[in-house]
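Observations on the three-dimensional arrangement
The primary structure of each chain is shown beneath.
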Amino acid sequence: MPLKIVYDRTGCIGAGTCEALDPEDFELVEDGLADLKEGEESGNGTWEKEIPEERKEEALDAAKSCPVNVIKVIDTESGEQLYP
Ligand code: SF4
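Residues numbered from 1 in each chain as written. Predicted model: local features only at pLDDT ≥ 70, side-chain atom pairs only at ≥ 80, totals over all residues.

Right, let's talk about the overall build of the protein chain for a bit. From N to C terminus, the protein chain includes two helices and seven strands. Its C-alpha atoms give the protein chain a radius of gyration of 11 Å, within 12% of the compact-globule value 12 Å for 84 residues. With the C-alpha coordinates aligned to their principal axes, the bounding extent of the protein chain is approximately 35 × 25 × 20 Å. Relative to its full complement of 84 residues, the protein chain shows a buried share of 21%. Look at the contacts in the protein chain between residues 6 or more apart in sequence, and 56% of them connect residues 24 or more apart. (Helix = DSSP H or I, 4+ residues; strand = E, 2+ residues; numbered from the N terminus. Rg over C-alpha atoms; globule rule 2.2 N^0.38 Å. Buried ≥ 20, exposed ≤ 12 C-beta atoms within 10 Å, placed from the backbone. Contact = placed C-beta atoms within 7 Å.)

Right, dumping it as structure tokens:
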């Protein structure tokens, strides 16, 4: 089942746990905030990226670790929001 990460960069406080737990998807950059690697901007400072099922656990770990809950993980087939 394909998944999607939806990341609201405007709420990021640069805590960095997303990068530590899921370095394939998140990277802290010069402004001290995280970028969603190879993500596409979807408006209002939000970024999205499709990921394969095999990468689900890392993405969920990153989302759950974020102290300000700005990372969502969505099942794109059912539309179900897996986190938060
Ligand atoms: S864990 Fe959340 S607040 Fe911290 S860098 Fe990642 S997105 Fe930003």
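So that's the structure; there's more coming.
Bringing the sheet that holds strand β1 (residues 3-8) into the picture now. Within the open sheet, the five strands sit side by side as β4-β5-β1-β6-β7. Their pairing is antiparallel. Edge strands, defined here as strands with exactly one partner in the open sheet, are β4 (40-43) and β7 (81-83). Each adjacent strand pair in this sheet contributes to an overall mean axis angle of 30 degrees, direction not counted. Pairing of strand β6 (residues 71-75) with β7 involves two bridges; the strand directions are antiparallel. Bridge assignment links Val 73 to a residue of β7, and that residue is Tyr 83. The strands touched by helix α2 (residues 56-65) are β1, β5 (46-51), β6 and β7; relative to β6, the strand with the most contacts, the crossing angle is about 145 degrees. (Pairing = 2+ DSSP bridges. Axes fitted to C-alpha atoms, helices over the stretch in contact; angles between N-to-C directions.)

Glancing now at the environment of Gly 79. Relative to the helices and strands, Gly 79 resides in the loop between β6 and β7. Taking the C-beta count within 10 Å as the criterion, Gly 79 has 8 such neighbours and is therefore assigned exposed.

With that settled, the discussion passes to the environment of Leu 21. Note that Leu 21 resides in helix α1 (residues 17-21). As a C-alpha pair, Leu 21 and Ser 42 span 21 residues in sequence and 24 Å in three-dimensional space. Those residues in contact with Leu 21 that sit more than four places away from it in its chain are Glu 58, Asp 61, Ala 62 and Ser 65.

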